[in-house]
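A structural walkthrough
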Amino acid sequence: MSSQDVLKNASTLASYNVLLQVMFRVLTFLLNAFTLRFVSKELIGVVNVRLTLLYSTLVFLSREAFRKACLSGSDGGKHNWRQLINLLWLTLPLGALLGAMLAAVWLWLLEAPDPQAVPFYGPGVVLFALAGVQELLAEPLWVLAQAHMFVRLKVVAESLAMLAKCSMTVVLVVSAREWGLYIFSAAHLVYTGVLVLCYAVYFLRFLPSKEATERNFPLRNIGDLMPHTVNGEPLLDWTMARLTWSFFKQSFLKQILTEGERYVMTFLNVLSFGDQGVYDIVNNLGSMVARFIFLPIEESFYIFFAKVLERGRDVKSQKQEDVGVAADVLQCLLKLVLVIGLIIAVFGYAYSGLALDIYGGSLLSSGAGPSLLQCYSCYVLLLAVNGVTECFVFAAMSQEEVDKYNLVMLALSASFLFLSYMLTWWAGSVGFILANCLNMALRITHSVVYIRRYFLSSPWKPLRGLLPSPLLCLALAVSAAVTVVSESVFCCDGGWLLRSVHISVGAVCLLFVLGAVLLTETQLIVFVRTQLLPQYRKKHA
């Protein structure tokens, strides 16, 4: 396969993955909104935090190292695939061992929830662990599919599995809500079962086909998918096995850093199960904005900066025209995400309670839910600015600077875990968001210092993009005051008529803010019209 073919297939796979993530987020969003009307927040907390952590820890530690090693430098033909298949089947006994160990910890070392609020906790733990082991049955097939760029298989398999899971959850929640954790455990078993079935059926049909022969596929029949030796070859590729062991040692740290919040909640008992459920829902709700709006901007313009700038070289030694374009784009991007982030922060404060009431009813709108979403609205602003500053910094840094920054990130991640525990002990579930805000502020500070030093000897000052116009600041301040007063007067116990008045007040204030943007941020408007909108139209033409 030529490099151009690999690039084309990789781009297609990336597009499908983005589509898949959007679909999963939307389905999860709708499923949570539905189930919140039927089950307790304690049950949601146990499922979305504790049992999901059990499942993700088991699956990640069992397969991540094998995936990285077996896909390293693989174009589908360089490796001895029979030996790799043998190696990949080790994920199953490893997963069974980890599942037994983790289930024992979850059952006997962690505090068990109240059986009245969360029935069938013990069977739920065992079934979630079993679902993780069941998913590992498809691991050799998943790696084969990825290595040979079967780009549609993953999308179809995971889409069908997710639809089956959602359908099972809805049916059981409506008809048998007294089953408690059995509902979500059964749905998760259905998800992993359908996933394994889709991969198995595909390869059962593909291996004997003419297409497999024409593509010179390295495996010829179903027996080749099972662990075995051929012609006295070693059972395993020991070079690949040693590489897998290296990745396996790294995976522990990566998992702890990725799921740090859930580990703090699960092992340190800083929040009740109900508060964990509310926090997880609000966190997922707030992160949708960042993923749908800011992440595509970061990913697209990282590629732009990486192509325009010469990594590791100072401004004076590069083409001044290219540097000037990069500086102008960075300034406009900073202004764009700043404006969007400020609007979300201002209006999120006054409309968090209403949004949660519409989404989840009194279960979310009472208690800490509105405060959590209000804080998360401010956190979104920091997320937006950090995404753009870091995408520039990572494109401009030399390899040595990137390596040094990885150590900084490690230290920041460790400090985040400590801050999460301390601030949650002090402020409850809001403490997790405060810890995230502090962590993000430190990362922004590092990036801003780097950008300022990078352009210090040049006439360009892209950090001016972080300074909104005075009229915009005034419009935001007035809108914040008016919407807060509107919330206290009209929302949210007076029925839908008063809620409609509150929404109308927000709409008028939003138009006022957008008018201020149109009048004062002319460079930003030109950038959006000439750069972002044409790209959007091309993608949807």
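Let us look at the structure shown here.

A few points about the pattern of salt bridges
- Counted according to the given criterion, the structure contains seven salt bridges.
- Arg262 is the partner of Glu259 in a salt bridge, and the nearest nitrogen-oxygen pair spans 3.0 Å. Grouping residues by exposure puts Glu259 and Arg262 together as buried.
- Measuring nitrogen to oxygen at the nearest pair gives 2.3 Å for the salt bridge that ties Asp357 to Arg499. Of this pair, Asp357 sits in helix α13 (residues 320-360) while Arg499 is found in helix α19 (residues 496-520), placing the two residues 142 residues apart along the sequence. Exposure class is identical for Asp357 and Arg499. Each is buried.
- Ionic contacts of the salt-bridge type, sharing partners, join the residues Glu259, Arg262 and Asp280 into one network.

Details of helix α18 (residues 470-490)
- Helix length check: α18 (21 residues) gives 30 Å between terminal C-alpha atoms against 30 Å at 1.5 Å per residue, within 8%.
- Listed in full, the buried residues belonging to α18 are Leu472, Ala475, Leu476, Ser479, Thr483, Ser486 and Glu487. The buried residues of α18 all sit within an arc of 100° when viewed along its axis, so they share a single face. Opposite the buried face of α18, at more than 90 degrees from it, the exposed residues are Pro470, Ser488 and Val489.
- Where the residues of α18 are buried, they touch α13 and α19.

Describing helix α11 (residues 260-268)
- Summarising burial for α11: seven of the nine residues are buried, a large majority.
- Residues Gly260, Glu261, Arg262, Tyr263, Val264, Met265 and Thr266 constitute the buried set of α11.
- Positive phi shows up at Asn269, right after α11, with a value of about 55°.

Focus: the packing of aromatic side chains
- In the structure shown here, the tally under the stated rule is 14 aromatic pairs.
- Judged by centre distance (5.5 Å) and plane angle (85°), the rings of Tyr202 and Phe203 are edge-to-face.
- Tyr202 gets classed as partly exposed once you look at its relative accessible area, which sits at 28%.
- Overall, Phe203 belongs to the buried group, its relative accessible area being 0%.
- Every member of this aromatic cluster is reached through a ring pair, and the members are Phe392, Tyr450, Tyr454 and Phe455.

Some points on the environment of Ile433
- Along the chain, the position of Ile433 falls in helix α17 (residues 430-454).
- Along the backbone, Ile433 and Cys378 are 55 residues apart, and their C-alpha atoms lie at a distance of 9.4 Å.
- Excluding residues within four positions of it along the chain, Ile433 makes contact with Tyr279, Leu372, Cys375, Tyr376 and Tyr379.

Things to note about a nonpolar patch on the surface
- Judged by side-chain polarity, Phe267, Leu268, Phe418, Tyr421, Met422, Trp425 and Trp426 come together as a nonpolar surface patch covering roughly 840 Å² of accessible area.
- Breaking the nonpolar patch down by element, the ones donating at least two residues are α11 and α16 (399-427).
- Among the elements that take part in the nonpolar patch, α16 stands out by supplying five residues, more than any other.
- Among the residues examined, Tyr421 registers a relative accessible area of 33% and is labelled partly exposed.

Analysis parameters
Residues numbered from 1 in each chain as written. Predicted model: local features only at pLDDT ≥ 70, side-chain atom pairs only at ≥ 80, totals over all residues. Heavy atoms only, no water. Salt bridge = Lys/Arg side-chain N within 4 Å of Asp/Glu carboxyl O. Buried < 20%, exposed > 50% of the residue type's maximum accessible area, 1.4 Å probe, protein only. Helix = DSSP H or I, 4+ residues; strand = E, 2+ residues; numbered from the N terminus. Expected span 1.5 Å × (residues − 1). Arc of directions from axis to C-beta. Contact = heavy atoms within 4.5 Å. Phe/Tyr/Trp six-rings, centres within 6.5 Å; stacked < 30°, edge-to-face > 60°. Patch = residues over 30% accessible without salt bridge, like charges linked within 9 Å, V, L, I, M, F, W, Y side chains within 5 Å. Areas by Shrake-Rupley, 256 points an atom, 1.4 Å probe, with all protein chains shown as cover.

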